[in-house]
Amino acid sequence: MTESLSSGGGVTPPDPGGADSLDEVARILRILKVWAGDPSYDTIKNRINTACRAAHPGGPVVARRTTVADCFKSGRRRLNTDLVIAVVQALHPDVGYVAQWRQALRVVSGEARAAAQVRVHGTLPPDLPGFVGRTAALHRLRHALDTGDPDAGVVVIALHGMAGVGKTQLAVHAAHARHREEPFDRILFVNLRGFHPDPTQPPADPASVLEGFLRLLGVAGQQIPHDLTARVATYRRLLAGTRTLVVLDNARDAEQARPLLTDTRGCPVLITTRRALRALPHTTHVAVDLFTPDESAALLAAGGSHIPSGSDPNAMARIAHRCGHLPLALGLVTAHIRGTSGWTLTDHADRLDERHHQQRLDLSVELAFDLSYQHLPADRRRLLRLVAAHPGDDFDAPAVAALTGIPTCEARTQLRHLHRDHLLHHAAPGRYALHDLVRAYATSRCTDEDPPSERRAALTRLFDYYVAGALAAVDVLYPAGSHRRVPSNGVTVAAPADPDTARRWLDTERPTLVAVAAHAAAHGWHSHPAYLSAALFQYLHGGHPTDALAIHEHARHAAHRAGDTVEQAHASTSLGATYTQLGRYGPAAEHLQRASTLFRQSGDHVGEARALINLGVIESQLGRNRAAADTYRHALALFRQAGHRAGEAHALNNLGEVEAQLGEYRSATEHVRQSLILFRQLGGRASEAWTLNTLGDIEIRLGRHPAARSHLEQALALYRQLGNRTGQAWTLNSLGTLHTRLGQLTDHHQLSLDIFRETGERYGEASALNGLAEAARLAGELADALRHHTAAHTIAVDIGAHQEHARAHAGLGHVHRALGAPTAARRHLQRAMILYTDLDMPEAEQILAHLGALDDDGVAQGNHTALLM
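Everything quoted here is computed from the prediction, not taken from an experiment. All residue numbers refer to positions counted from 1 along the written sequence of the respective chain. Per-residue local features of the predicted model are confined to residues with pLDDT of at least 70, and side-chain atom pairs are confined, for both listing and counting, to 80 or more; whole-chain, interface and lining totals are unaffected and use all residues. The side-chain values count all of the structure's non-hydrogen atoms but skip hydrogen atoms and water molecules.

Undergrad: Even after reading the chapter, I still don't get the packing of helix 29 (residues 645–661) against helix 30 (residues 665–682), so can you show me in this structure?
TA: How two helices pack is summed up by the angle between their axes together with the distance between the axes. Every axis in this analysis is a line fitted to C-alpha atoms, fitted for helices over the stretch in contact. Angles between the N-to-C directions lie between 0 and 180 degrees. The helix count covers DSSP runs of H or I at least four residues long, the strand count covers runs of E at least two residues long, and both are numbered beginning at the N terminus. Here helix 29 crosses helix 30 at 155°, and the two axes come no closer than 8 Å. Viewed along their axes, helix 29 and helix 30 adopt a mutual orientation that is roughly antiparallel. Once helix 29 is placed against helix 30, the crossing between them reads as left-handed. Packed against helix 29, whose contacting residues are Arg 645, Ala 646, Glu 648, Ala 649, His 650, Leu 652, Asn 653, Leu 655, Gly 656, Glu 657, Glu 659 and Ala 660, the element helix 30 presents Tyr 665, Ser 667, Ala 668, His 671, Val 672, Gln 674, Ser 675, Leu 678, Phe 679, Gln 681 and Leu 682 at the interface. All residues other than Ala, Val, Leu, Ile, Met, Phe, Trp, Tyr, Cys, Pro, Asp, Glu, Lys and Arg, Gly among them, are scored as polar; the first ten of these are nonpolar and the last four charged. Taken together, the residues of the contact of helix 29 with helix 30 break down into 11 nonpolar, 8 polar and 4 charged. In this scheme, roughly parallel covers angles under 35 degrees and roughly antiparallel covers those over 145, while 65 to 115 is roughly perpendicular and the rest are oblique. Each helix crossing is assigned a hand: it is left-handed if the near helix lies turned anticlockwise from the far helix by less than a right angle, otherwise right-handed if that turn is clockwise. Pairs of residues are marked as contacts when any of their non-hydrogen atoms sit within 4.5 Å.

Here you go:
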């Protein structure tokens with residue numbers, strides 16, 4: 001795209017989607033200005049102000065010529081996004097186009113990546129022990145859950161009220177009560193982060209929430225639609241006929257909540273929010289107000305019934321008054337009362353009065369926080385301040401130990417005390433989280449009391465811990481250095497006992513690891529995102545593409561800001577590999593070519609070879625087998641030059657695989673056997689399994705079925721021991737092909753397909769579908785064969801996988817021939833022959849023989865050159 005783009009006519013406006021920096025935003029905005037007829041800055045300013053006055057009569061002037069002109073300038077460190085949107089509307093007031101700009105600006109600012117990170121749950125949080133009050137609200141909730149809106153046929157209940165008033169606890173308590181009375185089939189719970197105090201934790205993106213919900217509902221990753229509308233439709237379709245309770249905690253507004261509504265009878269939705277969501281139709285609105293005096297007294301009495309009243313019989317009422325009858329404040333003060341010996345309730349009331357009269361704090365909740373905070377031991381105050389700086393939504397004792405520099409057992413004790421004092425709440429067994437207000441308060445105290453150097457040192461310890469923990473886990477999952485080694489900065493973490501424990505740690509901490517990478521990249525810890533990207537590559541590549549893209553992108557941006565071209569290249573290589581796995585070969589090739597160039601310029605032969613290996617995978621999956629073989633040979637030479645034996649083994653295996661596709665079986669077998677010897681010497685069991693799988697595939701092609709079975713069963717056993725789902729899928733797929741060749745019907749292809757859909761590997765999905773179709777044809781189930789080959793054809797065309805495209809056409813030709821449709825059979829077989837010929841694969845000769853058989857049948861009709869595109 002160039003800035004000399006002419007305006008007017010049928011030329012479309014510039015696409016802002018490619019912007020990846022503020023300078024790029026300004027450049028595209030300048031192109032849009034030219035496209036729109038190059039109006040003056042005064043004209044743009046006047047259009048903006050006219051639109052603003054029309055929307056808000058009597059409102060102030062929002063745009064001046066200088067501020068409008070500034071939007072078009074390069075070199076700016078920040079941008080007024082609202083003004084940029086107003087400028088875009090003034091230049092091209094198309095709703096869809098303006099929406100593209102909004103999304104582009106969110107991506108540039110990092111908000112979209114942060115909004116996409118959200119943790120969903122299939123259970124309710126624990127109920128609050130000793131829940132008191134809210135009798136009227138609970139009655140309304142019970143009534144609404146029992147009846148619902150007869151017109152809408154669905155129950156939506158929105159609890160709205162100020163922060164700290166207890167909306168979440170009320171919703172959770174009501175949900176638990178209803179679930180005990182009549183258990184739901186399923187529960188979906190999510191914190192939408194509508195009002196999170198940390199700007200790096202923006203409101204959750206509804207599309208990402210739906211992705212999480214759909215996974216909990218059993219939808220494999222690759223089957224989840226990409227656009228929001230389709231995800232909503234799938235979500236509601238799956239809920240139909242079930243009793244599912246959905247709890248949307250801390251919603252920002254109706255727009256965020258609306259796509260998450262079930263719109264299904266029998267599937268109620270409970271929403272908590274600080275705003276009345278009047279824009280939601282058919283919704284029962286329940287205002288959650290401050291406690292009544294009686295409710296306040298009940299809560300205080302529950303925690304302080306053993307405390308003497310003292311000289312003032314109204315002391316409890318005075319305490320409730322000073323707390324503003326706010327449940328969060330009352331809970332904190334109750335915890336303080338319970339933990340202070342020798343004081344009467346009158347003493348506590350006098351103390352609250354004293355602090356109020358000193359006007360040290362204005363809000364009751366702040367008063368309660370301050371009172372609770374001041375009476376904590378110094379070490380516990382410090383811990384609370386520092387955990388507020390933790391970038392994740394929740395944390396456990398080992399992480400807090402690293403953050404604070406204390407032993408884990410001590411951290412665990414301190415966390416229990418803070419939970420007892422109502423300053424933390426349980427997010428899951430062994431994990432804690434902060435209420436937004438507590439986090440904001442503790443963050444303020446941290447800023448006031450802890451020098452920046454100490455805060456940074458604490459976070460550095462925390463980030464070092466997560467890097468070390470990730471390394472320890474992947475070392476157990478993927479031993480023998482199969483991932484790129486990174487320093488642990490001297491931090492040691494106990495290795496997980498076994499692969500299952502390692503994977504559970506990674507699965508639990510994955511959202512936190514994404515948040516750590518984001519925070520570190522945004523605040524000057526340039527090395528930690530790179531370390532996480534490298535350590536987690538193989539784990540994330542096994543079925544977590546969204547998180548993989550986020551972490552690798554944070555690593556790339558951090559390296560770019562630090563001027564570290566080598567780490568930029570490593571992150572770009574990982575991004576390219578992830579995009580390849582998703583079948584998005586365009587961006588994959590761009591990242592990998594950029595990485596290859598950077599590695600070559602820096603003299604890093606191993607890095608360059610790794611980028612080339614992944615470029616070879618793209619060539620292979622696109623059916624460019626000769627080019628792929630050349631690329632693998634180049635990578636092999638670089639690995640050998642550097643003395644990198646694991647890389648050499650990797651390149652040999654890939655080269656052998658593509659040589660087999662070209663029919664060069666002798667060299668293919670030799671190269672794969674060399675690879676197997678190297679991997680066994682290095683001790684990498686996952687790599688050994690992968691090479692055994694490749695060897696088995698070659699032996700299937702050569703008709704050496706007993707040897708193929710032996711090698712594939714060895715590979716599958718290794719993959720299962722390691723818990724490697726992607727490897728299992730490919731080996732099961734190969735075993736399915738072997739059994740089909742032997743005339744045996746098994747469920748291997750179906751098992752393979754299930755895993756590929758779960759992990760999002762589209763090339764594998766197309767291969768498994770073609771395998772299923774071939775097995776169905778063997779069983780005489782021609783309708784199923786037709787359906788599976790057609791599905792494989794659709795995916796192969798979509799991602800450009802020419803080999804599976806050819807295979808699908810060949811299969812469709814055989815099915816149509818069996819159905820007595822020779823014209824369709826010939827059309828498909830001819831297309832398969834052209835594709836296989838272009839791929840330089842030996843299957844072309846086989847297809848030619850099948851076409852000859854059609855002539856021998858005496859049923860071939862029609863144009864021999866007709867093609868199905």
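Undergrad: Would you mind going over the environment of His 711 with me for this structure?
TA: In this fold, His 711 is placed in helix 32 (residues 705–722). When the C-alpha positions of His 711 and Glu 699 are compared, they lie 9.1 Å apart, and in sequence the two are 12 residues distant. In contact with His 711, other than residues within four places in its own chain, are Leu 692, Leu 695, Gly 696 and Glu 699.

Undergrad: Even after reading the chapter, I still don't get the sheet that holds strand 9 (residues 431–433), so can you show me in this structure?
TA: Picture the strands of a sheet paired through backbone hydrogen bonds; they go either parallel or antiparallel. Strands qualify as paired when DSSP identifies two bridges or more between them. As summarised here, the arrangement of the 3 strands in space is 7-9-8, forming an open sheet in which the pairing is antiparallel. Either end of the sheet is taken by a strand with one partner, and the two such strands are strand 7 (395–396) and strand 8 (425–428). In the packing of helix 19 (residues 408–420) onto the sheet, contacts are made with strand 7, strand 8 and strand 9, and the angle to strand 9 comes to roughly 45°.

Undergrad: In this structure, what is going on with the nonpolar core? I would like to understand it.
TA: Nonpolar cores were defined as sets of buried Ala, Val, Leu, Ile, Met, Phe, Trp, Tyr and Cys residues, with membership established by side-chain atoms within 4.5 Å. Buried means the residue's accessible area, taken with a 1.4 Å probe over protein chains only, is under 20% of the maximum for its type, while exposed means over 50%, and partly exposed covers the values in between. Core analysis: the largest hydrophobic core is formed by 60 residues, its most contacted members being Leu 384, Leu 506, Leu 532 and Leu 536. Of the residues forming this core, the biggest block, 13 residues, is contributed by helix 21 (residues 452–477). Among residues more than four places away in sequence, those in contact with Leu 536 are Ala 470, Leu 506, Leu 513 and Ile 551. Core analysis: the next-biggest nonpolar cluster, separate from the first, contains 50 residues, Leu 753, Ile 755, Leu 769 and Ala 801 among them.

Undergrad: I keep staring at the confidence of the model for the protein and nothing clicks. Help me out?
TA: The predicted coordinates ought not to be read in detail in places where the model reports low pLDDT. Note on scores: pLDDT gives the predictor's confidence for each residue, bounded by 0 and 100. Looking at the protein as a whole, its pLDDT mean stands at 85, while 89% of the residues score no less than 70. When the criterion is pLDDT under 50, residues 859–869 qualifies, and its contacts beyond four places in sequence or with other chains add up to 23 contacts.

Undergrad: What is the right way to read the packing of helix 9 (residues 206–216) against helix 10 (residues 228–239) from this model?
TA: Axis separation between helix 9 and helix 10 bottoms out at 10 Å; the angle between their running directions is 35°. Where helix 9 crosses over helix 10, the two elements pack in a sense that is left-handed. Where helix 9 abuts helix 10, its residues Pro 206, Ala 207, Ser 208, Leu 210, Glu 211, Phe 213 and Leu 214 lie against Leu 228, Arg 231, Val 232, Thr 234, Tyr 235 and Leu 238. A breakdown of the residues in the contact of helix 9 with helix 10 according to their chemical character gives 9 nonpolar, 2 polar and 2 charged.

Undergrad: Would you explain the side chain of Gln 414 in this entry?
TA: Tracing the backbone through its elements, the reader meets Gln 414 in helix 19. A relative accessible area of 6% places Gln 414 in the buried class. Beyond its immediate sequence surroundings of up to four residues, Gln 414 is in contact with Asp 379, Arg 380 and Leu 383.

Undergrad: Honestly, unusual backbone geometry in this entry has me stumped. Any pointers?
TA: Both trends apply: most residues other than glycine have a negative phi, and most peptide bonds are in trans. The phi angle at Asp 38 is positive, at roughly 55°, despite the residue not being glycine. A positive phi angle is found at Asp 840, which is not glycine, with a value near 60°. Mapping Asp 840 onto the fold places it in the loop between helix 38 (822–839) and helix 39 (843–857). By relative accessible area, Asp 840 is classed as partly exposed at 36%.

Undergrad: Teacher, can you tell me more about the pattern of salt bridges here?
TA: A side chain of one charge can pair with a side chain of the opposite charge if their charged atoms are brought near each other. Salt bridges are counted wherever a side-chain nitrogen of Lys or Arg sits within 4 Å of a carboxyl oxygen of Asp or Glu. By the definition in use, this model includes 40 salt bridges. Among the charged side chains, a network of salt bridges with common partners joins Arg 119, Asp 394, Asp 396, Arg 431 and Glu 509.

Undergrad: Please explain the pairing of strand 2 (residues 156–160) as it appears in this structure.
TA: Each regular strand shows side chains that alternate between the opposite faces of the sheet. Taking burial as the measure, the 5 residues of strand 2 include 5 buried ones, the bulk of the element. Where burial is concerned, the two faces of strand 2 agree: the one with Val 156, Ala 158 and His 160 and the one with Ile 157 and Leu 159 are both buried. Here strand 2 runs beside strand 6 (residues 284–287); their pairing, made up of 4 bridges, is parallel. Bridge pairing links Ala 158 to His 285 in strand 6.

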